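Here is what each chain is made of, one letter per residue.
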Amino acid sequence: MGMANLRGFMTQVNHGFKKVLGYDEQTLISKPIQRFIWEEDWPILQNAIDELHENRVSSPFELRCVAADKSIKWINCTVTQIPTEDLIFVSGRNIVTGK
């Protein structure tokens, strides 16, 4: 998916994430991550980030992301802390076809 800072903004996004959600890169990096996540799933992401205090990589988790066309995309994710920077690497894959 890309890189995010600890303020809650993506700093880089990959082509696949842009394609799945249907947003351009500028939109994805200029708005808080929560803008793209189903509101009920915000605590799931926060728990994964909190887990980084004890582990370098979170356990896998699933989020519902809101695409540009307002459809819901299920994404299986992990987050990894970049120890030398205030960044996290967010990896994920679209699992909407399995839901």
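Before reading further, recall that the structure is shown in the block above.
Cut-offs and rules
- Residues numbered from 1 in each chain as written.
- Predicted model: local features only at pLDDT ≥ 70, side-chain atom pairs only at ≥ 80, totals over all residues.
- Heavy atoms only, no water.
- Salt bridge = Lys/Arg side-chain N within 4 Å of Asp/Glu carboxyl O.
- Buried < 20%, exposed > 50% of the residue type's maximum accessible area, 1.4 Å probe, protein only.
- Core = buried A, V, L, I, M, F, W, Y, C linked by side-chain atoms within 4.5 Å.
- Helix = DSSP H or I, 4+ residues; strand = E, 2+ residues; numbered from the N terminus.
- Contact = heavy atoms within 4.5 Å.
- Disulfide = S-S within 2.5 Å.

> Even after reading the chapter, I still don't get the pattern of salt bridges, so can you show me in this structure?
When charged atoms on two side chains of opposite charge get close, those side chains can pair. This structure, assessed with the given rule, holds 3 salt bridges. A salt bridge links lysine 18 to glutamate 25; the nearest nitrogen and oxygen atoms lie 3.6 Å apart. Given the relative accessible area of 33%, glutamate 25 is considered partly exposed. Salt bridges sharing common partners tie together Glu40, Asp41 and Arg64.

> Would you explain the nonpolar core in this entry?
Side chains of a nonpolar character, in soluble globular proteins, are inclined to be buried together. Counting residues in each nonpolar core, the largest one holds 23 residues, and the members touching the most others are Leu21, Leu28, Phe61, Leu63 and Val79. Contributing elements (two or more residues each) for this core: β2 (10-13), α1 (15-21), α3 (42-51), β3 (61-66), β4 (72-82) and β5 (87-94). Once residues within four sequence positions are removed from consideration, leucine 21 is found in contact with Leu28, Cys65, Val66, Ala67, Ala68 and Lys73.

> Please clarify how the state of the cysteines should be interpreted in this entry.
As used here, a disulfide is simply a covalent bond connecting the sulfur atoms of two cysteines. According to the stated counting rule, one finds 0 disulfides in the structure shown. As a non-bridged cysteine, cysteine 65 has cysteine 77 as the owner of its nearest cysteine sulfur, 6.1 Å distant. The class for cysteine 65 is buried, based on a relative accessible area of 2%. On the basis of relative accessibility, which here comes to 1%, the residue cysteine 77 falls in the buried class.

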